[in-house]
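Observations on the three-dimensional arrangement
One-letter residues, chain by chain:
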2 protein chains.
Amino acid sequence: MTQFHAGKHTEQLSGCPLGNAAVGQSGGPTAVINQSLVGLVKGLRGHDEIQGIFGMRFGVRGLVNDDLLRLDRIDDGRLSNIAATPSAALGSTRDKPDHNYCRRIFDACKRHNIRYFFYIGGNDSSDTLRIVSEMAISRNYELRCVHIPKTIDNDLPQSDHTPGYPSAARFVAQAFIGDDLDNRALPGIKINIVMGRHAGWLTAASVLARRYPGAGPHLIYLPEIPFDLNQFTQDVQAVYEEHGRCLVAVSEGIANDHKVPILKAAHHHLEKDAHGNIQLSGTGALGDFLVETLRQVIDKDARIRADTFGYLQRSFCGVASEIDAAEARSCGFRAAQIALSSGKSVSSIAIKRISTHPYECEIVPIAIEDVAAQTRVMGPEFLQGTNDVSLTFIDYLKPLVGKLPVTGRLYDDDHHNTTAAAVQ
Amino acid sequence: MTQFHAGKHTEQLSGCPLGNAAVGQSGGPTAVINQSLVGLVKGLRGHDEIQGIFGMRFGVRGLVNDDLLRLDRIDDGRLSNIAATPSAALGSTRDKPDHNYCRRIFDACKRHNIRYFFYIGGNDSSDTLRIVSEMAISRNYELRCVHIPKTIDNDLPQSDHTPGYPSAARFVAQAFIGDDLDNRALPGIKINIVMGRHAGWLTAASVLARRYPGAGPHLIYLPEIPFDLNQFTQDVQAVYEEHGRCLVAVSEGIANDHKVPILKAAHHHLEKDAHGNIQLSGTGALGDFLVETLRQVIDKDARIRADTFGYLQRSFCGVASEIDAAEARSCGFRAAQIALSSGKSVSSIAIKRISTHPYECEIVPIAIEDVAAQTRVMGPEFLQGTNDVSLTFIDYLKPLVGKLPVTGRLYDDDHHNTTAAAVQ
C-alpha cells in the first residue's frame, strides 16, 4: 500500500491558516483507532502552521467543555505504545451533536484558535464535521476539517473497508477457528452472536474458520437477508443430521422480512407470555432465544449452546491485524497532509483497493457528503443463498485479516484415517 | 522448569510389559491439551516395549467402540501443528463411566493388548483410571495407567496449577485489559461473566488488567465467597460514584450463603413471575440478570452492559501462554516416562512450584487417589475481602500467564495531565 513518511514538509504550503489543531475520537472504540491518532500527530508535527495539537477528552464533549490535552510534545516511545493499545486513548463519546451542539463546537474552535479539526469516527462524526464546517464558512472563519474513518462495522460508504474492521474480523476468525475445533471435539449445536446491527461484514468474517472439509461455521446469518425462524431451525437440523454437529454465526442485527430485529420480535412474544414482567434486553438474549427455539425441535440429548462475543470483538488486546494497524496509522498521517495541502474546508478519507493479488490499496480524500450519515451493507456479490457468504467475499477479506495461526488435525471428518492410520 | 528430552531411553527397563499404548482426551478442551498428547507420543516413541500407540476418538467412548487411530507414525511437522492447535485433536467426551462402563473399557484394553493407558483430563478422568486399574489388578492383567491433568478451571488438588489454566487465564487477562480501556473510553458499568463453576481461579485472572491507578476490574466476585445481591449493588454503586465507571469480574459459579448458584436463585424468582413460561437458561442469563438488578437502583442514564466470555476462554486460537504450552508438553512426555520406569500400576502427575522469582517448577508423579474426584478452590491467602484477590495471588499468577502486550495511556485518571500536558 501507499506509504506516507513522517517528517517536515519541504514544499511551501501557501494559504494555510496559522493556528492550533484539535483531534477527537468518537463512537465505539477499535483495536487501531489510536494508530490513527498517532499517525495524525506525527503528520502534523514539524509544520510551522500548526502551533499546538489539542486532544479532545471524550470527543467533542471535551472540546465544548475545554477539556483538552496537549499532544505535540509526547515522546515517540510513548506514542508507539499508545498506537498499539486498543480502545480510544483520548476517551470517546456517544454524543450525536444537533445544530446547537455544533454551534458550541464552533465557538470552542474560535476560543482556542483551532484552525484544523480532525475527528476519528463513523458517519455520525463526519456529519458533525460537515455542519461545523458550514458554520465556519458562513462566519468567514477559516477552519479545515478532516474526518478519519473508523468502525468495526465496516459500513461506511466509498471505502473498500474501514480501519478497525480488519482487526475485529481477525478476532472473529480466531474465535471461530477455536470454537469450531471445540465443537468438533464435543459435538453439538453452537450459535455465536457477532456484532453488526445493520451490516453483516463482521459476522461474515467467521467464514475464515472454514479451513478443512466439514469445518464450521456451517451456517452464517446476516442482516442483509431477511431471517426466518422456521427456515433457521430447518437449516440447523439439516446440518446437524449431516455432520453430527453445527456451528452457526449469527449477526446481532438479523431482522425479519418487515425489518423488525429478531430480538425485538422475540421480546414482544415473550413479554406477552410473561405479562410484562420479563425483558429480553441485555447482550445474551438473542443467543438464548435461538437456543430455546432449537430446543423445541431438536432431539433432547443434543448439546445446544450460544455465546455472544460482545465487546471483546472491538477491544480485545493482542490480536490486531497488521495491515489494519498500518492503514489506520496512514489514514491519520494522510489526514494531516490533506488538511495542510488541499484548499478544501472539509473532507473525509477512503481506502481504495488497487489490487487483491497482491493486496495493494491507497488512501484518498473523498467528499464529506459521500460518507456522512450513510450505511453500506454487504452487496449481493458477497452473499451466497440465504445463509452463507460467497468466494468473492473470502477473496476480499483474506488480505485484510492477514495470516492466521497454523492449526493441525489428526483426522478428516469423512475419512478419519487420512492423516493417522486407523487401527486394523 | 525441568526439561524432558525426547529420544530413545538408554537404561534397561526391567519388567515393563510388551504391548500397545492408548491415549484419550476427556472433558472441556483447552488451548494446550494437544501439547500433552504430542508430548506423550514423543515420550513413547523409540521404546521397544511399545508396539503401537492408539488414539481413542472421543475419549473412552472411542476405546469401547474400537474407534482408534494409530499415532505412532505421524511425522514431526504434523505433530508440531497439532500441538499448537487448541481443543482436543482426538475428540473429547463428557461420559463419566460407571462400573459397567469401566468394565467395557477394561475389556477393550485386553482386546487390543493395551498395556499402557493414558487419559488427559480432569478429576473424572483420573477416577476412571483408578477404577480400570483396580479391575486390571484383580484380574492379574498388567496395565499401567497414567492420568495427565488438564483443566482451565485449575481446580485439581496437589498441583500448583493445571495445564490449560495459564492459557485461559491469559485470554481472560487480555480480554480485561482491552475491556477496561473500552470502559474507560465510554464510561459505564460493565460486567464480565467468566467460567468456573466451583472455583474462582479463572475469574481471578482478570486482576492482571489492573496495570495503572484506577484500572479495572474494580470488583471481583468468586464462588469461594458467598454472593449477596444487595452487597453487590452497593459495591458497584460506590465504585461508580468514585470512578464514574465500574468494571466487574463475576464467576459464573457465584452462589449465595446456602450454596445455591445465583443464576438458579434468579431463575426460580423469574420463573414464578412468568408463570413457568420463561427459562433463564443459556449462557447470557447471569449477566443479563445482574444488569437488570443494577438498572433498578443505578441512575437511569448509566450505561450498564454484560458480556459472558463463554467457550472462547478455552478454545480461542492464538493466545496460549508459552509456559503453559511447554509445561503441558512436558506433562505428556513425563507420563510416558512414569509408565515406562515406575513399577506403579496407576499414577497421576502434578506440577510443583520450586520458586516464583525466578519461576521454576517440576513435574512429579502423585497418587491417583490424591486427585480423583476432588476439587481445589482458592485458599484464603489468595482472597482479599469479599470482592477482590490478594497480592499473593497476583504473584502466583503472573509467571504462568507470561508477558502481556504493552499498552500506553495519554493521561492518568486522577491527574489527567501527567503524561500529556493539559491546555492552559
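Residues numbered from 1 in each chain as written. Chains lettered and ligands numbered in written order. Predicted model: local features only at pLDDT ≥ 70, side-chain atom pairs only at ≥ 80, totals over all residues.

Examining the domain arrangement of chain A
Residue and element names in this part refer to chain A. Short version of the rule: Where each domain starts and ends comes from a domain assignment, either automatic or drawn from a database. By the convention adopted here, residues make contact when the C-beta atoms placed from their backbones lie within 7 Å. Only Asp, Glu, Lys and Arg are considered charged, only Ala, Val, Leu, Ile, Met, Phe, Trp, Tyr, Cys and Pro nonpolar, and every remaining residue, Gly among them, polar.
Its domain assignment divides chain A into domain 1 (19-163 + 320-370) and domain 2 (165-317 + 380-401). Placing the centre of domain 1 and that of domain 2 at their C-alpha centroids yields a distance of 33 Å. The interface is formed by 20 residues belonging to domain 1 together with 20 residues belonging to domain 2. Here the side of domain 1 that touches domain 2 is composed, by residue class, of eight nonpolar, nine polar and three charged.

Quick word on the relation of the copies chain A and chain B
Superposing the two chain copies requires a rotation about an axis and a translation along that axis. Defined as follows: The atoms used to superpose the copies are C-alpha atoms, taken from residues with pLDDT of at least 70 in both, and the fit is least squares.
Laying chain A over chain B is done by rotating through 180° and shifting 0.0 Å along the axis; what remains is an RMSD of 0.0 Å. Both chain copies can therefore be described as sitting about a two-fold axis. Residue glycine 284 of chain A, judged by its C-alpha, is the member of chain A lying nearest the rotation axis, at 1.9 Å. Same-surface contact between copies: 100% of interface residues of chain A are shared with the interface of chain B.

With respect to unusual backbone geometry
This is how the line gets drawn: Only runs of H or I of at least four residues qualify as helices and only runs of E of at least two qualify as strands under DSSP, and these elements are numbered from the N terminus.
With an omega dihedral of 5°, the bond running from glycine 216 of chain B to proline 217 of chain B counts as a cis peptide bond. Here proline 217 of chain B shows up in the loop between α7 (201-204) and β7 (219-221). Look at the link from histidine 357 of chain B to proline 358 of chain B: it is a cis peptide, with omega at -5°. Assignment of secondary structure puts proline 358 of chain B in the loop between β10 (346-355) and β11 (360-366). At aspartate 66 of chain A, a position not held by glycine, the phi torsion is positive, near 55°. When you line up the elements, aspartate 66 of chain A lands in the loop between α2 (60-64) and β3 (68-70). Non-glycine residue glutamine 158 of chain B carries a positive phi angle of around 80°. By secondary structure assignment, the location of glutamine 158 of chain B is in the loop between β5 (144-149) and α6 (165-185).

Re the packing of helix α6 (residues 165-185) of chain A against helix α13 (residues 391-401) of chain A
Residue and element names in this part refer to chain A. Heads up, the condition is: All axes are obtained by fitting lines to C-alpha atoms, using only the stretch in contact for helices, and the reported angles, taken between N-to-C directions, cover 0 to 180 degrees. Throughout, the term roughly parallel applies to angles under 35 degrees, roughly antiparallel to angles over 145, roughly perpendicular to angles from 65 to 115, and oblique to all others.
At a minimum axis separation of 9 Å, α6 and α13 run at an interaxial angle of 100°. Classed by the angle they form, the pair α6 and α13 counts as roughly perpendicular. Here α6 contributes Pro166, Ala169, Arg170 and Ala173 to the contact with α13, which in turn contributes Leu397, Leu400 and Val401. Grouping the constituent residues of the contact of α6 with α13 by class yields six nonpolar, no polar and one charged.

Regarding the interface of chain A and chain B
Between chain A and chain B, the residue contacts involve 72 residues of the former and 72 residues of the latter. Of all the secondary-structure elements, those providing two or more residues to the side of chain A that touches chain B are β2 (50-56), β3, α3 (76-83), α6, α9 (262-273), α10 (285-295), β9 (304-308) and α11 (312-315) of chain A. Examining the composition of the side of chain A that touches chain B, we find that nine residues originate from one element, α6 of chain A, more than from any other. Grouping the amino acids of the side of chain A that touches chain B by side-chain chemistry returns 36 nonpolar, 22 polar and 14 charged.

Focus: the nonpolar core
Short version of the rule: Definition of nonpolar core: a set of buried Ala, Val, Leu, Ile, Met, Phe, Trp, Tyr and Cys residues joined via C-beta atoms within 7 Å. To sort residues by exposure, count the other C-beta atoms lying within 10 Å of each residue's C-beta; 20 or more gives buried, 12 or fewer gives exposed, and values between give partly exposed, all with C-beta atoms placed from the backbone.
Core analysis: the largest hydrophobic core is formed by 274 residues, its most contacted members being Phe117, Phe118 and Val172 of chain A together with Phe117 and Phe118 of chain B. Once residues within four sequence positions are removed from consideration, phenylalanine 117 of chain A is found in contact with Ala22, Cys109, Leu129, Val132, Leu143 and Cys145 of chain A.

Looking at α6 of chain B
Definition in use: Here the expected span of a helix is defined as 1.5 Å times the quantity of residues minus one.
Over its 21 residues, α6 of chain B runs 30 Å from end to end, which matches the ideal 30 Å to within 8%, given 1.5 Å per residue. Counting buried residues in α6 of chain B gives 21 out of 21 residues, a clear majority hidden from the surface.

Topic: the packing of helix α4 (residues 99-111) of chain B against helix α5 (residues 123-138) of chain B
Residues and elements named next belong to chain B. How we decide: The sense of a crossing depends on the near helix, which, turned anticlockwise from the far helix by less than a right angle, makes the crossing left-handed and, turned clockwise, makes it right-handed.
One way to put it is that α4 packs onto α5 with a least axis distance of 9 Å and a crossing angle of 60°. Of the two elements, α4 crosses α5, and the hand of that crossing is right-handed. Residues His99, Cys102, Arg103, Ile105 and Phe106 of α4 touch α5, and the partners they reach there are Thr128, Ile131, Val132, Met135 and Ala136.

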